[in-house]
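# Coordinate analysis (summary)
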Amino acid sequence: MSTFQTLAGFRDFYPDDCAFRNFIFECFRRSATTFGFEEYDAPILESMELFTAKSGEEIVSQLFNFEDKGGRSVAMRPEMTPSLARMVGVRASTLRRPIKWFSISEMFRYERPQKGRLRSFYQFNADIFGNESSYADAEIILLGIYMLKSFGLTAEDFRVRLSDRQLWTLFIRSHNIGENDVPEVLGIIDKIEREEPSKTVESLDKICRGDGQKIFYDLLEVKTIHSVNDIREFFKKFKNDTFARRIDELAQLLTRVETFGVSDFVTIDFGIVRGLAYYTGFIFEIFERSGQSRALAGGGRYDNLIKRLGYADLPAVGFAIGDVTLGNLLKEKNIVPKLSKNIHCFVVYSTQTETLALRQATMLRGQKINTDYCLDPITFSKQLKMAAQVNAKYAIIFGEEEAKTGHAKVKNMLSTNEIVVEIDRLAEVISR
Ligand code: HAM
């Protein structure tokens, strides 16, 4: 065992791992810019209060926090949303709307490390501010689907599970449960499958004075609903227009999803309640569909957060996808392209041609052509072996004979064809 190891839940990224991570990030970035999102970033370290006030209990219990040398309580960000809300809040009056921003950044959560869950991981976040219609929600869901499809994943591999905090809240309140107790009931719903039924009933009993059993069965019934028609049918008994209006909004969102041709990827699933406190509307999680069935991504609408931070009243919706579960899934499905070192040409030389060859290597690099060479002039055959090892497309061989007449040999490493080229034309020939 080595003396120094990474901390539990943290990763070293060797070049292969970095290449894989960059491949994922490039796909994130390309998808977001294709959809018209602009990139931003924020500090890794924030005041602890930003998260304790806004993120919700679960995340706060997982904070990497400490007191800095100035006695301030600080935390490494467990998520991007509070920092983003601050950034947008500060400039809310000058930013053109809708504001569509994305980021790719490292997060820290003191969770129990396990498959798909680490203490340091990367998240892609995309959020839209300044539009309160469900069309913005649809755009966010569409981006999530587009992104995963662009990795080569299909409807067989993942599913968007769509739910609604508003319908849940209306439903809970219709059982004479006060506003303040709603978050606790949502927490109970979140855990309902993992908890003993008797324990769930007991927790509900405490909140709603003995009605626990009845509410428990009602909650279970809501969780079985998977279509708009069934939702309408179920909520009819409440004879409440607010329910009806909200169900219309859900139908509108689903129509948009259908317009984009991605209905196959989306199912209504009230089992999703989301652990974070700030959500106010439609919420969703994207799950992989293998046996593991882990969340790849999660998000939703959070219309009050910016105002609660003390800024303007600005509607918001967004989501985040992590690199860990996604990376595992791509590897399991074997859909990662070959990520080899990207060397275009490898310069081969001898002690006699060293100066000429290395000046040419510098010239090629100056033209942004990826060029490598052996640091010491070992034998030509060993240098050519190295060229093959780094997957160079061409080897440029500076032999003494050719050099005398201002020429070098260009060897195509794939076809093994060799041609003699004037040194002045090297860049042109290997760029063809
Ligand atoms: P979240 O559901 O907490 O949402 O995280 C989103 C994704 O980040 C998860 O689905 C998972 O892929 C990844 N993730 C979370 N925790 C870990 C972990 N310990 N190890 C590896 N991956 C992890 C949020 O963070 C919200 N702020 C998303 C959002 C953006 N909502 C609106 N805008």
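Here we summarise the structure given alongside this text. Position numbers for residues start from 1 in each chain and track the written sequence from start to end. Predicted model: local features are reported for residues with pLDDT of at least 70 only, side-chain atom pairs are reported and counted for 80 or more only, and whole-chain, interface and lining totals are derived from all residues. Excluded from the side-chain calculation are hydrogens and water; included are all heavy atoms of the structure.

## A word on the site of the ligand
- Throughout, the term near means that a residue has one or more heavy atoms lying within 4 Å of the molecule or strand in question. Taken together, 27 residues surround the ligand, and among them Glu79, Thr81, Glu111, Leu118 and Tyr279 come closest.
- Here a nitrogen atom of the ligand sits 2.8 Å away from a polar atom, N or O, in the side chain of Asp127.
- In this structure, an oxygen atom belonging to the ligand sits 2.9 Å away from a main-chain N or O atom of Leu296.
- Within the residue set of the shell around the ligand, elements represented by two or more residues are strand 6 (120-129), strand 10 (295-301), strand 11 (316-322) and helix 13 (323-332).
- In this count, Pro and Cys sit with the nonpolar residues alongside Ala, Val, Leu, Ile, Met, Phe, Trp and Tyr, while Asp, Glu, Lys and Arg are called charged and the others, Gly among them, polar. The residue inventory of the shell around the ligand, partitioned by class, reads 12 nonpolar, nine polar and six charged. The definition of a polar contact used here is a pair of N or O atoms within 3.5 Å, where within protein one atom must be able to donate a hydrogen and the other to accept one, and adjacent residues in sequence count solely through side-chain atom pairs. For the purposes of this entry, the term helix denotes a DSSP run of H or I that reaches at least four residues, the term strand denotes a run of E that reaches at least two, and both are numbered from the N terminus.

## So, the pattern of salt bridges
- The salt bridge criterion pairs a side-chain nitrogen of Lys or Arg with a carboxyl oxygen of Asp or Glu, the two atoms within 4 Å. Counting across every chain of the model gives 26 salt bridges.
- A salt bridge links Glu401 to Lys404, with the shortest nitrogen-to-oxygen separation between them at 3.2 Å. Of this pair, Glu401 and Lys404 both sit in helix 16 (residues 400-404), three residues apart, roughly one helical turn.
- Given the relative accessible area of 56%, Glu401 is considered exposed.
- Using a relative accessible area of 65% as the deciding quantity, one classes Lys404 as exposed.
- Several salt bridges converge on common partners, so that one network encompasses Asp137, Arg301 and Asp303. Only protein chains enter the accessibility calculation, which uses a 1.4 Å probe; a residue is then buried when its area is under 20% of its type maximum, exposed when over 50%, and partly exposed in between.

## Re the sheet that holds strand 12 (residues 345-348)
- Pairing within the open sheet is mixed, and its five strands lie in the order 13-12-14-15-16. Of all strands in the sheet, those bounded by a partner on one side alone are strand 13 (371-373) and strand 16 (418-422). Sheet twist, expressed as the average angle between the axes of neighbouring strands with direction ignored, equals 30°.
- Examined bridge by bridge, strand 15 (residues 407-412) and strand 16 share five bridges and lie antiparallel to one another. Bridging from a neighbouring strand, His407 pairs with Glu422 of strand 16.
- We call two residues contacting when some pair of their heavy atoms lies within 4.5 Å. Where helices are involved, their axes are fitted lines through C-alpha atoms of the stretch in contact, as for all axes, and angles between N-to-C directions lie from 0 to 180°. On top of the sheet, helix 14 (residues 354-366) reaches strand 12, strand 13 and strand 14 (394-397); it is set at about 155° to strand 13, its chief contact. Strands qualify as paired when DSSP identifies two bridges or more between them.

## Points about helix 9 (residues 212-223)
- Expected helix span is given by 1.5 Å per residue-to-residue step, counting one fewer step than there are residues. Compared with an ideal rise of 1.5 Å per residue, which puts 12 residues at 16 Å, helix 9 spans 16 Å between its outermost C-alpha atoms and is within 8% of the ideal.
- Of the surrounding secondary structure, the elements contacted by the buried residues of helix 9 are helix 6 (165-173), helix 7 (182-191), helix 8 (197-207) and helix 10 (228-236).

## Some remarks on unusual backbone geometry
- Residue Arg97 is joined to Pro98 through a cis peptide bond whose omega torsion reads 0°.
- Structurally, Pro98 is set in the loop between helix 4 (81-90) and strand 5 (99-108).
- Phi at Asn334 is positive, roughly 60°, even though this residue is not glycine.
- Judged by its relative accessible area of 67%, Asn334 is exposed.

## Digging into the sheet that holds strand 4 (residues 73-76)
- One open sheet accounts for three strands, arranged 2-4-3; its pairing is antiparallel. Each edge of the open sheet carries a strand with a single partner, namely strand 2 (45-47) and strand 3 (64-67). Averaged over all adjacent pairs, the angle separating strand axes in this sheet is 35°, with direction ignored.
- Direction of pairing for strand 2 relative to strand 4: antiparallel, over a ladder of three bridges. The residue bridging Ser47 from the neighbouring strand is Val74, located in strand 4.

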